[in-house]
Amino acid sequence: MKIPKLENIISDFPHLEVVIKAAEKSGIPTYVVGGFVRDVFLKRAKGDIDFVCVGDGIALAKETAALISAKKKVQIFKKYGTAHISDKGVDLEFVGARKESYSKDSRNPDVEPGTLDDDLSRRDFTINAMSYSLNQDDFGTFLDPFEGLKDLGKKLIKTPLDPDTTFSDDPLRMMRAIRFATQLEFDIAPETFDSITRNRERIRIISRERITTELNKIIASRLPSYGFKLLFASGLLQEIFPEVSDLHGVEIRNKQAHKDNFYHTLKVLDNISEKTDNLWLRWSALLHDIAKPATKRFDPKAGWTFHGHEDKGARMVPGIFRKLKLPLDERMKYVQKLVRLHLRPIPLVREDITDSALRRLLFEAGNDIEDLLTLCRADITSKNEKKVKTYLRNFDKVEEKLREIEEKDKLRNFQPPISGNEIMEMFSLPPNKIVGDLKNGIRNAILEGEIGNNYDEAFRFLIKLAEKKGLEPSKN
Ligand code: ATP
Ligand code: MG
């Protein structure tokens, strides 16, 4: 791999120029380092630049901010001796070079000032430990003490020091190793991977939020299954997310086997990732069969069944989101809804399907109907390509039918044409069960196609329905 000249990098990232001036002015030896350098080589660098200096990183950040503008703010993390500047969509991260020593039960190290080499050797992977000097006396020199460039060429994730030391010091790095392998589509060096397997239980000292941040980056990658296979093979998945690792395995009874729901789920996750970058839709793929282990039964006649796994799965979603510190807002509800409905479009492929079945699904899925169909299509996995193609073609028909009904009846964001308040006023009723019954009666009539989704038809229907219940409209 050719080493780009620092001058060429500067022309793409003008903030480097400012930091070079700040380093010169303050006399603090400064290097550009870490993820930024790696990503420049991989041509995927965006607005996130890491600097390390031999001295006071906060002072360097302040000097830099002053050069940008008198008002430029520096965010200071005194405890860690780091500082952050945000400018024109670019994040500049400053840290003083340091040496660290860790105690056994915490990932918060004792920190003391160190040399550039000390600092590079405490970094997580060789490909993250490369730097360029920004100083006048050796300007532009590429420093790569752990041969990160070679590993970049070999597409290899490897720790700079003995992996047991690196991972035991900060077990989050095990998640980062698998996350980088998945994002960059790299291998993990065998001795590094073995060490993750050995140290997997150490992940327990890491906060859930940080683990989940890495997990989400794996799920957001092009081929998330790769990350999950690495997590599973190392035993980390069993530690951090046993509900997913429990999907693994095949049981055979009476010569009948069910499919391995772990590999099926990963296939669905990969399938959906080809179609969408929506993280939560990807989450719904990951969780769609999560209750299969809990609902598995063997019936001598029917074979393996997983009755109700969609409902039970939906009920498991809040607990999983809470444990993983995922958001408990409408994003959770969205995932829950898709898990609950994921089987519903399947019977709609039948020729004799009624409009009312289609209307009911449109009503329940609302605006998420397209996402539900995307999930359903991703869920079609079989080794038989022809079978998959036939299923997918049948699905085109379902989509066509749904489109027709939607155009006609506008059920997607169904609002009852007559509100409960209106019903109460009309018949002088207090808020009670009868009002609910009348409202539901109207809704069902619309879904069944007995009346159209409009006020006039609903009004006439309501009068008749109320009459049957012995109610009369009040005079006023
Ligand atoms: P990305 O920005 O895509 O997450 P990155 O490599 O830039 O990847 P950051 O978390 O931004 O990761 O960290 C910047 C650099 O700091 C890394 O490249 C690495 O050198 C170092 N680093 C970050 N976290 C750790 C860690 N837990 N242990 C050791 N070094 C770390
Ligand atoms: Mg970064």
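Residues numbered from 1 in each chain as written. Chains lettered and ligands numbered in written order. Predicted model: local features only at pLDDT ≥ 70, side-chain atom pairs only at ≥ 80, totals over all residues. Heavy atoms only, no water.

(A) Quick peek at the pairing of strand S1 (residues 30-33). Side-chain alternation along S1 places Thr30 and Val32 on one buried face and Tyr31 and Val33 on a second face that is also buried. Across 4 bridges, the pairing between S1 and strand S2 (residues 48-53) is antiparallel. Note that in S2 the partner of tyrosine 31 across the bridge is valine 52. (Buried < 20%, exposed > 50% of the residue type's maximum accessible area, 1.4 Å probe, protein only. Helix = DSSP H or I, 4+ residues; strand = E, 2+ residues; numbered from the N terminus. Pairing = 2+ DSSP bridges.)

(B) How the structure looks around the packing of helix H14 (residues 261-275) against helix H20 (residues 369-378). Contact geometry for H14 and H20: axes closest at 8 Å, N-to-C directions at 135 degrees. Taken as axis vectors, H14 and H20 run oblique relative to one another. H20 is crossed by H14, and the crossing has right-handed handedness. The residues of H20 that touch H14, namely those facing Val268, Asn271, Ile272 and Lys275, are Thr374, Leu375 and Ala378. Its residues assigned to classes, the contact of H14 with H20 shows 4 nonpolar, 2 polar and 1 charged. (Axes fitted to C-alpha atoms, helices over the stretch in contact; angles between N-to-C directions. Parallel < 35°, antiparallel > 145°, perpendicular 65-115°, else oblique. Left-handed = near helix turned anticlockwise from the far one by under 90°. Contact = heavy atoms within 4.5 Å. Nonpolar A, V, L, I, M, F, W, Y, C, P; charged D, E, K, R; others polar.)

(C) Highlighting the nonpolar core. Residues Phe228, Phe241, Trp283 and Leu287 are the most contacted members of the largest nonpolar core, which totals 108 residues. Considering each element in turn, this core owes the most residues, 8 residues, to helix H8 (residues 172-184). Viewed by domain, this core spans two of them, domain 1 (1-151) and domain 2 (275-409), each represented by three or more residues. Those residues within four positions of leucine 287 in sequence are excluded, and the remaining contacts are Phe241, Val317, Ile320, Phe321, Val335 and Val339. In terms of nonpolar packing, the next biggest core, distinct from the first, is built from 19 residues, Ile418, Ala445, Ile446 and Phe461 among them. (Core = buried A, V, L, I, M, F, W, Y, C linked by side-chain atoms within 4.5 Å. Domains from an automatic or database assignment.)

(D) Representation of the environment of lysine 62 within the structure. Structurally, lysine 62 can be placed in helix H4 (residues 57-68). Linking lysine 62 and lysine 72, residues 10 residues apart in sequence, is a C-alpha distance of 8.9 Å. With residues up to four places along the chain from it excluded, the contact list for lysine 62 reads Val74 and Ile76.

(E) Quick peek at the domain arrangement of the protein chain. For the protein chain, the assigned domains are domain 1 (1-151), domain 2 (275-409) and domain 3 (420-468). For domain 1 versus domain 2, the distance between C-alpha centres works out to 46 Å.

(F) Just the sheet that holds strand S8 (residues 131-133), in detail. In space, the 7 strands of this open sheet follow the order S3-S4-S5-S2-S1-S8-S9, with mixed pairing throughout. On the outer flanks of this sheet lie strand S3 (75-77) and strand S9 (142-143), each paired with one strand and no other. Running at roughly 15 degrees to S2, helix H2 (residues 15-26) makes contact with S1, S2, strand S4 (82-87) and strand S5 (90-96) of the sheet. Set on the sheet, H4 makes contact with S1, S2, S3, S4 and S5; between it and S4 the angle comes to about 20 degrees.

(G) Molecular detail of the environment of leucine 343. Residue placement: leucine 343 occurs in the loop between helix H18 (330-341) and helix H19 (355-365). Given the relative accessible area of 29%, leucine 343 is considered partly exposed. Discounting residues that sit within four places of it in the chain, leucine 343 has contacts with His309 and Glu310.

(H) Examining the site of ligand 1 more closely. Every one of the 15 residues lining ligand 1 counts as a neighbour, but Gly35, Arg38, Arg123, Asp170 and Arg173 are closest to it. One of the side-chain nitrogen or oxygen atoms of arginine 173 is found 2.6 Å away from a nitrogen atom of ligand 1. In the model, an oxygen atom of ligand 1 is placed 3.1 Å from a nitrogen or oxygen of the arginine 176 side chain. Considering ligand 1 on its own, with 580 Å² of exposed area, one finds that the protein chains cover 77% of that surface. Among the elements of the structure, helix H3 (35-41), S2 and H8 are those that each provide at least two residues to the shell around ligand 1. Broken down by element, the residue count for the shell around ligand 1 peaks at 4 residues, all from H8. The residue makeup of the shell around ligand 1, split by class, is 1 nonpolar, 3 polar and 11 charged. (Near = heavy atom within 4 Å. Polar contact = N/O pair within 3.5 Å; in protein donor to acceptor, adjacent residues only side chain to side chain. Areas by Shrake-Rupley, 256 points an atom, 1.4 Å probe, with all protein chains shown as cover.)

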